Amino acid sequence: MTHAPDRAEPPLRADEATTLRAFLDYHRDTLRRKTSRLTDVQLRTPLAPSTMTLGGLLKHLAHVESVWVAVRLRGGDHLPPFDTVDWSDDPDWDWHSAADDTGDALRALYDRTVAAVDGLLDAALATDGLEQLSVREDRHGGGSFSLRWILVHLVEEYAGHNGHADLLREALDGQTGE
């Protein structure tokens, strides 16, 4: 088990890229806090009627970051271990396979993925800033995504899932709060 990680508040006044990255980091740290100090069993425990678990959230959000930044923005492959998954066999592999992982393994995977994504984001911002367009286009024919849109979308993903994490954590051990 681990301690609750520190979490920095986003700056009140900063340029747009700094603000977006700070909110993304804030939500990443919120997820880390919601999954800290829990046993492997607790990370695997769903809150009925859902099958969602806190361990599944860690793995799912690592996958979400891999898809949006490594695959869609940069046009590359999924980051490991998502690059070896047969997604057609199990489209929810990230959620399902988390039950087979230890908490330490899930946290390490999450942190490795976040670090890799941060490196890709740094490179993209250094190239064309928030105007950088994704290599892969919207599957509905809308064209490429801007990096700005992708960062806002990642914050949106985390905001929703951190709400889930809050409910799951409270059901597990009564811990509430930000």
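Reading the values: the criteria
Residues numbered from 1 in each chain as written. Predicted model: local features only at pLDDT ≥ 70, side-chain atom pairs only at ≥ 80, totals over all residues. Heavy atoms only, no water. Salt bridge = Lys/Arg side-chain N within 4 Å of Asp/Glu carboxyl O. Helix = DSSP H or I, 4+ residues; strand = E, 2+ residues; numbered from the N terminus. Buried < 20%, exposed > 50% of the residue type's maximum accessible area, 1.4 Å probe, protein only. Contact = heavy atoms within 4.5 Å. Polar contact = N/O pair within 3.5 Å; in protein donor to acceptor, adjacent residues only side chain to side chain. Pairing = 2+ DSSP bridges. Core = buried A, V, L, I, M, F, W, Y, C linked by side-chain atoms within 4.5 Å.

Q: How would you sum up the pattern of salt bridges? Please name residues and give values.
A: Scanning the entire structure with this criterion turns up 12 salt bridges. The partner of Arg 21 in a salt bridge is Asp 118, and the shortest N-O contact between them spans 3.4 Å. Of this pair, Arg 21 sits in helix H1 (residues 16–34) while Asp 118 sits in helix H5 (residues 103–128), placing them 97 residues apart in sequence. Like Arg 21, the residue Asp 118 is buried in the burial classification.

Q: A description of the environment of His 161 should follow, citing residues and the corresponding values.
A: For His 161, the position within the fold is in helix H6 (residues 147–173). Those residues in contact with His 161, other than ones at most four positions away along the chain, are Leu 57, His 60, Leu 61 and Trp 95. Within the local environment of His 161, its side chain forms a polar contact with the side chain of His 60, the two groups lying 3.4 Å apart. At 3.1 Å, the side chain of His 161 forms a polar contact with the side chain of His 164.

Q: Describe in detail the environment of Pro 49, supporting the description with residues and values.
A: Its place among the elements puts Pro 49 in the loop between helix H2 (40–43) and helix H3 (54–73). Residues Pro 49 and His 63, spaced 14 residues apart in sequence, show a C-alpha to C-alpha distance of 24 Å.

Q: Account for the pairing of strand S1 (residues 133–137), naming residues and giving values.
A: Sheet analysis places S1 next to strand S2 (residues 144–146), joined by two bridges and oriented antiparallel. Bridged to Glu 137 within S2 is Ser 144. What sits between the antiparallel neighbours S1 and S2 is a turn of six residues, in which Gly 141 has the positive phi angle 85°.

Q: For unusual backbone geometry, give the residues involved together with the corresponding values.
A: For the bond running from Ala 48 to Pro 49, omega is 10°, close enough to zero to count as cis. With an omega dihedral of 0°, the bond running from Pro 80 to Pro 81 counts as a cis peptide bond. Topologically, Pro 81 is positioned in the loop between H3 and helix H4 (93–97). A positive phi is found at Arg 37, a non-glycine position, where the angle reads about 60°. Tracing the chain through its elements places Arg 37 in the loop between H1 and H2.

Q: Please give an account of the nonpolar core that cites residues and values.
A: Among the nonpolar cores identified, the biggest contains 39 residues, and Leu 31, Tyr 110 and Leu 121 are the most heavily contacted of them. Contributions of two or more residues to this core are made by H1, H3, H5 and H6. Considering every element that reaches this core, the biggest residue donor is H3, with 10 residues. Leu 31 has contacts with Leu 57, Leu 58, Leu 61, Tyr 110, Tyr 158, Asn 162 and Ala 165, leaving out every residue within four places of it along the chain.

Function cannot be read off these values alone, since they describe shape.
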